[in-house]
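Below, each chain spelled out in residue letters.
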Amino acid sequence: MLFRSLEAGKDQAKQLKADLTQAKTDRAAAKEAIAAATGIREKEAKAFKAMKGEASANIQAMGEAITAIKNGGAASFVQTAAALKLRELVQGSDKDDLVAFLEGEQGAEGSGEIVGMLSQQKETMEKDLGEDEAAEADAIATYDALVKAKLKEFETLQASIEEKMTRLGELSVANAEAANDGGDTADQLADDKKALSDLKTQCAAK
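Residues numbered from 1 in each chain as written. Predicted model: local features only at pLDDT ≥ 70, side-chain atom pairs only at ≥ 80, totals over all residues. Heavy atoms only, no water.

A. The overall build of the protein chain, seen in detail. From N to C terminus, the protein chain includes 5 helices and 0 strands. When the helices and strands of the protein chain are listed from N to C terminus, the series reads α-α-α-α-α. The long-range share in the protein chain, meaning contacts at least 24 apart out of those at least 6 apart in sequence, stands at 74%. (Helix = DSSP H or I, 4+ residues; strand = E, 2+ residues; numbered from the N terminus. Contact = heavy atoms within 4.5 Å.)

Structural data, given as structure tokens:
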């Protein structure tokens, strides 16, 4: 019975060691998943910041152009930094009148049409920026949810590892004590067998 108990203890210790190895592997994977997701999120956030800055500058330039033209300052506007920004923005577009206006080749007589073009472009750019901002918000929410889940998994695994290590330590002590008890029992059994053999010899002699 004692030997069977010792073997069971050894089997339990073996299983605990295997479970510990797996738990540590899973814990490392959770940590790596957080690190990888964080790296990707930082790159996405940096790219979004740059894109938003550029888009916001373009929208602002559009707004300044519309205001200037509506107020009759078209001629002076084409000399500003905002006009230069718009010229870069519309290069290669099929809006010849707008390009000509920004190049100073068209007077204020067509300003109403120019305002219409700029307003339409501004609305499109604002809509695109709004969609990009919504996508960024979704990406942040997804990242936050992932990190929260992985942190919880990490903490659960950490607690499990600590609990298993404690059990393994206690089991190792118990197994060592059982092994010592088994040795004492085996020695005692050998002594008893020798005594019985001696006794039989003595009886036979008598």
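Moving on from the model shown.
B. Local environment of the nonpolar core. Ranked by internal contacts, the top residues of the largest apolar core, which has 13 residues, are Met62, Ile69, Leu86 and Leu118. Listed by contribution, the elements that provide at least two residues to this core are α1 (2-70) and α5 (111-205). A total of 7 residues in this core trace back to one element, the largest contributor, which is α1. (Core = buried A, V, L, I, M, F, W, Y, C linked by side-chain atoms within 4.5 Å. Buried < 20%, exposed > 50% of the residue type's maximum accessible area, 1.4 Å probe, protein only.)

C. How the structure looks around the environment of Asp26. Along the polypeptide, Asp26 turns up in helix α1. Here the alpha-carbon distance between Asp26 and Leu157, two residues 131 residues apart in the chain, equals 7.5 Å. Apart from residues lying up to four places away in sequence, Asp26 is in contact with Glu153 and Leu157.

None of the figures reported here should be taken as evidence of function without further support.
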